[in-house]
Amino acid sequence: MFSWGENIRDVFGLGKLKSINNTNSDNYSINFIRTKEPITQIAVGSEVAAFIRFRNDGRQLVSVGRMQEDRNETTWKLKAVDCKEKILSLSCGDAHVILLSEGGSVFCLNPSSSVPRAVGKLNPVIQVACGDQHSIALTKDGEVFAWGKNYNGQLGLGKGKPQTLSDPQHLKSLSGTPLAQITAGGDHSFALSLSGTVFGWGKNSTGQLGLGDTIDRLAPAPVTCLNPKKTILVCCGAEHTAVLTKGGIVFTFGSGRYGQLGHNSLRDELRPRLVAELWGSKVTQVVCGRDHTLAFVASHKKIYSFGRGKQGQLGNGVKIDQSVPLPVLLTQDQIDDLDVELIFAGGNHSFALCSSAPGSGKGLNDSRLRNVTLKLGDETINRWIAECDSKSWNEIKTRDKHYQTSLKHSGIDLSVVRVASQNLAKKDKVLNEVKGVVMRFLLPSLNNDPIGVEDLRIYLILPELLRVLQKKQCSTDIVEGSAAAILRLNPDKLLILEGLWLTLSESYFRTVVKAFCSVTSGFFEPGAENHCFKSMTIILKVLQRLYDVNSKRHRRLPDTTFHINNVGSIFQTVQNLKSEMEEQDIEWNFGISDVDHGTYVTTRKRISDIIKLYEDGISLLKKYPFVLDTEVKLSGVWMDDLNWCKSFHQSEYGLCLKLMAVGRETLLDDTFQFLRQITCHMDDLKVKFKAENGLDYGGVSLEFFCILANELLTMNPKILEVDQESGLAWFTTDDCDITDEFYFLGMLCGKALYNQCVLNLCFPLALFKKLLGLIPTLDDLKELSPTEASGLQYVLDQDEDVVEDLYLVFMDKKQELIPNGEKVSVTSVNRKNYVDMYVDMKLNKSVQNQFAEFEQGFLKGCPIKTWKMFLPEELMLLLQGEENYEWDKLRENAKYLGFRPTDDIIQHFWNVFTEFSLEQKKTFLTFLTGTDRLPRGKSLSKLQMTITCLDCTDPDGHYPKAQTCYVKLFLPNYSSVDILRKQVLHAITHCEVFGDY
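Every value quoted in this text rests on a predicted model; they were computed, and no experiment measured them. (Residues numbered from 1 in each chain as written. Predicted model: local features only at pLDDT ≥ 70, side-chain atom pairs only at ≥ 80, totals over all residues. Heavy atoms only, no water.)

Colleague: Which parts of the structure should I look at to understand the UniProt feature "active site" (unreviewed entry) in the protein?
Modeller: Residues annotated in UniProt with the feature "active site" (unreviewed entry) correspond here to Cys965. Of note, Cys965 is situated in the loop between β36 (961-963) and β37 (968-971). You can call Cys965 buried: its relative accessible area is 19%. (UniProt positions renumbered as here; feature names shortened; annotations may be inferred. Helix = DSSP H or I, 4+ residues; strand = E, 2+ residues; numbered from the N terminus. Buried < 20%, exposed > 50% of the residue type's maximum accessible area, 1.4 Å probe, protein only.)

In structure tokens:
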């Protein structure tokens, strides 16, 4: 062993010493000590020192010494410690020693005594560390405990804690973080995670926590600037800290008073700073004394020192401080014959343990970090499932990928987690035990305010466990517990978790979604009345978060992934139960019931309670419409709310039907004039064409809105401009001569939606996104103006030199995108901003006033807010109708009055209809129903046309007629197929007038 620094005369009486360098004073020479017994551990504080040695017979000898002043000379006297357990490691504070046994027990020793006392009741401990007057311990299950002085928050327990604590206290803020190391300095402490995340707390007067300030921290705080450095070791002095990375680079921070930071200055550093003089030399070990630092470069067999040197602790042969790393003066012949295994520093002392066999050096990973928190690997799981056939799979290890942990990278290999979960599922007993541990211990212990990304990994791991549990149909309670734990997270930590969800691959993100979504259907299965909707609310809130994350993903999961499968049947169940209750009421009231009064009352209450529970569940789901498919929204929620709203308005305002009389030639002017005269609430809008006798039972309104769409697209002055390439309409930017037309345009769209009519104005999806509060993107501009958008995409895709050769500036076709935009060139750096601003100008800013008026009118026209539950695509189809024509279904569903399906006239009609072109068929559909676009939910498969014989004396001289409200076609009994073809084509092409039917 080499030793240098304070008390080198007898070196604690450890053995014979020999000075190996020539200096003017023996007090500052480096000594080589041939110890009587091999030394494995050394710890030195300001006033105490401790050593672990082994006798020749293999017995362990633990010795502790205390500094004594004798005739102006400092001496140390070692004495054996009477410890019944074998000691694994030890650490020294100013005047106390902490011992860790191989069994994981912790003992504290006062140097005045030779008998250590047990410390608290701790789970098996794997690491201990001491500051000047405090101690910390890391247990095998990953928990950190601290005790001692707490003047500067060095115990990390947070606010409001006593300044001294004699019993170990749990640092809850580090729960869940897999830790590789704990360490402590004067009055500050650190913990290092397996992913290389560094957490510091305690005194920070000189920046020794590396947080960029001098504010003490009462609880662990992440040193975020070290996150990408792949830290593998942290060590502390009295007021400075050193960090070693996987690449052998050293960073230091804190007090530089004696040069202990190695930056060729005496300045304090508030953030980690690279020790430049060691750059290029792969450092394998670094340790800190009180005010000095040592670094070992194994490849060069050199130990570098810097910092305070008054007691010779730098090994440079003099008693001066040193602010740059310089080699310790070890002679080459001694180094050539020995391998340095470990270096130690403490107080004003320095040591290097050596082996005589070259190449036998253990290195850092075999010594300092051999004890880390427990990891679940193949050996453990295979032992659990020993009776099962399973392939061997790799242990979860800390690899370079693991060091990439950040806000955008979890640093966890979920494929390993998936395999582990599948292996656990091979034995039901093991799986149930794991589930029980998670429910009873893990979930309740999760921290609401985790301090690092690693703590959030559990929320990525749990869905993989839920995945196998759901296959066993035993996951509901653990899913509810997991969802509750997520929602308990502080908002900022929840945002971080959402960021991690965003980065998951499609497969693993789907697993997360399915883990929570799959149990929701259980709330509506038989026996659902026993479920608690409070639990369902918790799960739905988590699904809402996941749905929002999905909308931001580059590759989105289909919306159907979030749908609850059996909700549609719930609406039918409620209707059936209501019908059943009505039948029972009728039977009882008319005295024909075969049950007694008590049974009737009991049965009615039971049914009523079930209906209420189901309706409460439906009301809850309305708040989370993304879990409902389009058909459920349309036929269930939307129709129920429409009917309720209309009934409410009738009860509040009376039946307020407004009959709008319009002429076909003056339809647009008549419509706007009518709307300007409305001064009260208007419920259903009914339409009558002037000089026509048709009554509006729905069909007239459908035709009105169909004609209105064409009129609005061609009106003058224009309020809509149609893109020639896409054929889609957008608000005009030239609105000088326009007053309230945008408002009434919105009102008409809202009223069409409210009246379940189609108003196809060929709007792009961007409009419906804006109505729903979503932000249009470049993809929306591609739909509206393909050429314009493709030019912007070209700017994004090209190389840097190509972009600058385009000579673009921050302007669109008409105006500047930013102040002085015509003078700001588009470059590869700002091109994304340019494209975003261009899209924003085109779809938002340039039509800001127009859309605001339109939106206000839309809300007036459709007073029910349930439409906001629809997705943009669904709302667009609801307003503009569908073009999914299943023409065969029209014939399959047809009914006949006065004809039989086998009659020649019917066969001729369908043959002619089959011969029609697509446009002719759409024209016929308009003639029959009033519109050529099908209202959403009213496809041809649901449309039932009735073909009625038109009774007339000269059939060949008459045209067919239609009753649009009832989808009836009045067809004369033509004498031939040619006459039928001619008359039908003439009717659908030229006849627009509603008759008496």
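Colleague: Any chance you could explain the pattern of salt bridges here in plain terms?
Modeller: Pairing is possible between side chains that carry opposite charge, provided their charged atoms lie close to one another. Following the criterion strictly, the structure yields 33 salt bridges and no others. Note that Lys493 and Asp449 form a salt bridge whose closest N and O atoms lie 2.9 Å from each other. Here the residue Lys493 occupies a position in helix α7 (residues 491-503), and Asp449 occupies one in the loop between α4 (428-445) and α5 (458-471), the gap between them amounting to 44 residues. Exposure remark for Lys493: the relative accessible area of 12% places this residue in the buried category. Taking the shortest distance from any N to any O, the salt bridge between Arg545 and Glu498 comes out at 2.8 Å. Note that Arg545 is positioned in helix α9 (residues 533-552) and Glu498 in helix α7, a separation of 47 residues in sequence. (Salt bridge = Lys/Arg side-chain N within 4 Å of Asp/Glu carboxyl O.)

Colleague: Honestly, the sheet that holds strand β18 (residues 198-202) in this entry has me stumped. Any pointers?
Modeller: Where strands meet in a sheet, backbone hydrogen bonds hold them as pairs that are either parallel or antiparallel. The strand order across the open sheet built from four strands is β16-β17-β18-β19, with neighbouring strands paired in antiparallel fashion. Looking at which strands have only one partner, the edges of the open sheet turn out to be β16 (179-184) and β19 (217-222). The sheet shows a mean angle of 15° between the axes of neighbouring strands, direction not considered. Bridge count for strand β17 (residues 188-193) against β18 is five bridges, and the pairing is antiparallel. Note that in β18 the partner of Phe190 across the bridge is Gly200. (Pairing = 2+ DSSP bridges. Axes fitted to C-alpha atoms, helices over the stretch in contact; angles between N-to-C directions.)

Colleague: Where do I start with unusual backbone geometry in this structure?
Modeller: Backbone phi values are negative for most residues with the exception of glycine, while trans is the configuration of most peptide bonds. At the junction of Asn716 and Pro717, the peptide bond is cis and its omega measures out at 5° in the coordinates. By secondary structure assignment, the location of Pro717 is in the loop between α14 (699-714) and β32 (720-722). Even without glycine at this site, Cys762 takes up a positive phi of about 55°. Residues other than glycine seldom take positive phi values, yet Tyr807 does so here, at roughly 55°. Within the secondary structure layout, Tyr807 lies in the loop between α19 (800-805) and α20 (831-843).

Colleague: It is not clear to me how the sheet that holds strand β35 (residues 946-949) should be interpreted in this structure. Could you clarify?
Modeller: Spatially, the four strands line up as an open sheet ordered β34-β35-β37-β36, and their pairing is mixed. Both outer strands of the open sheet, β34 (895-897) and β36, are each paired with one neighbouring strand and no more. Shown here is a sheet whose adjacent strand axes are inclined to one another by a mean of 25°, direction ignored. In this structure, β36 lies alongside β37, joined through three bridges in antiparallel fashion. By the bridge assignment for β37, Ala962 is matched with Leu969.

Colleague: Sorry, what's going on with a negative patch on the surface here?
Modeller: Residues Glu580, Glu582, Glu583, Glu587 and Asp594 make up a contiguous surface patch of negative charge. Position of Glu582 among the secondary structure elements: in helix α10 (residues 567-589). (Patch = residues over 30% accessible without salt bridge, like charges linked within 9 Å, V, L, I, M, F, W, Y side chains within 5 Å. Areas by Shrake-Rupley, 256 points an atom, 1.4 Å probe, with all protein chains shown as cover. Lys, Arg positive; Asp, Glu negative; His and termini not counted. Charge placed at Lys NZ, Arg CZ, Asp CG, Glu CD.)

Colleague: Explanation requested: the nonpolar core in the structure shown.
Modeller: The nonpolar side chains of a soluble globular protein tend to be buried with one another. With 76 residues, the main nonpolar core has Phe731, Leu759, Leu761 and Phe854 as its most contacted residues. The leading source of residues in this core is helix α15 (residues 741-754), at ten residues. Apart from the residues lying within four places of it in its own chain, the contact partners of Leu761 are Ala709, Leu712, Leu713, Leu720, Ala729, Leu745, Cys749 and Gln880. Residues Val434, Ile478, Cys517 and Ile564 belong to the second largest nonpolar core, which totals 71 residues. (Core = buried A, V, L, I, M, F, W, Y, C linked by side-chain atoms within 4.5 Å. Contact = heavy atoms within 4.5 Å.)

Colleague: Looking at this model, I keep getting lost on the environment of Pro272. Mind explaining?
Modeller: As for its placement among the helices and strands, Pro272 is situated in strand β23 (residues 269-274). In sequence terms Pro272 and Val243 are 29 residues apart; their C-alpha atoms lie 8.2 Å from each other. Beyond its immediate chain neighbours, meaning those up to four positions away, Pro272 contacts Gly210, Val223, Cys225, Leu226, Phe251, Thr252 and Phe253.

Colleague: Help me understand α15, please; the structure alone is not making it clear to me.
Modeller: Note on helix geometry: an α-helix contains 3.6 residues per turn, so any two residues three or four positions apart are oriented the same way. Taking 1.5 Å per residue, 14 residues should reach 20 Å; α15 reaches 20 Å between its end C-alpha atoms and fits that length. Of all 14 residues in α15, 14 are buried; the element is thus mostly enclosed. Directly after α15, the chain includes Gln756, whose backbone phi takes a positive value near 60°. (Expected span 1.5 Å × (residues − 1).)

Colleague: So what exactly am I meant to see when it comes to the side chain of Glu788 here?
Modeller: Turning to its location among the elements, Glu788 is positioned in helix α18 (residues 786-797). A polar contact of 3.0 Å, which involves the side chain of Glu788, links it to the side chain of Ser785. Polar contacts involving the side chain of Glu788 include one to the side chain of Tyr838, which spans 2.5 Å. When sequence neighbours within four positions are dropped, the list of residues in contact with Glu788 reads Lys813, Tyr838 and Lys842. (Polar contact = N/O pair within 3.5 Å; in protein donor to acceptor, adjacent residues only side chain to side chain.)

Colleague: Help me out: how do you make sense of the packing of α5 against helix α8 (residues 506-520) in this one?
Modeller: Helices that pack against each other are described as a pair by the angle of their axes relative to one another and the distance between those axes. Put simply, α5 and α8 touch, their axes get as near as 9 Å, and they point 50° apart. With respect to each other, α5 and α8 are oriented oblique. Here the hand of the crossing between α5 and α8 comes out left-handed. Taken together, the residues of α8 that come into contact with α5 (itself represented by Pro463, Glu464, Leu466, Arg467 and Gln470) are Tyr508, Thr511, Val512, Lys514, Ala515, Ser518 and Val519. Across the contact of α5 with α8, the residue classes break down as six nonpolar, three polar and three charged. (Parallel < 35°, antiparallel > 145°, perpendicular 65-115°, else oblique. Left-handed = near helix turned anticlockwise from the far one by under 90°. Nonpolar A, V, L, I, M, F, W, Y, C, P; charged D, E, K, R; others polar.)

Colleague: What is the right way to read the state of the cysteines from this model?
Modeller: Tallied over the full model, the rule gives zero disulfides. Distance from the sulfur of Cys949, which forms no disulfide, to the nearest cysteine sulfur (Cys952) is 7.5 Å. (Disulfide = S-S within 2.5 Å.)

Colleague: Help me understand the packing of helix α6 (residues 476-488) against α9 in this model?
Modeller: Where α6 meets α9, the closest approach of the two axes is 9 Å, and the angle between their N-to-C directions is 60°. Here α6 lies oblique to α9, going by the angle between them. α9 is crossed by α6, and the crossing has left-handed handedness. Contacts between α6 and α9 involve Val479, Glu480, Ala483, Ala484, Ile486 and Leu487 from the first element and Ser535, Ile538, Ile539, Lys541 and Val542 from the second. For the contact of α6 with α9, the per-class residue count stands at eight nonpolar, one polar and two charged.

Colleague: Looking at this model, I keep getting lost on a nonpolar patch on the surface. Mind explaining?
Modeller: There is a patch of nonpolar side chains on the surface, built from Ile586, Phe590 and Ile592 and spanning about 360 Å² of accessible area. Here Ile586 is to be found in helix α10.

Colleague: Would you explain helix α26 (residues 977-990) in this entry?
Modeller: Between its terminal C-alpha atoms α26 stretches 20 Å, which fits the 20 Å expected from 14 residues at 1.5 Å a residue. Taken together, the buried positions of α26 are occupied by Leu980, Gln983, Val984, Ala987 and Ile988. Buried residues along α26 cover an arc of 125° about the axis, so they all sit on one side. Residues of α26 that are exposed and point more than 90 degrees away from the buried face comprise Asp978, Lys982, Thr989 and His990. Buried residues belonging to α26 abut α24 (904-915), α25 (918-929) and β37. (Arc of directions from axis to C-beta.)

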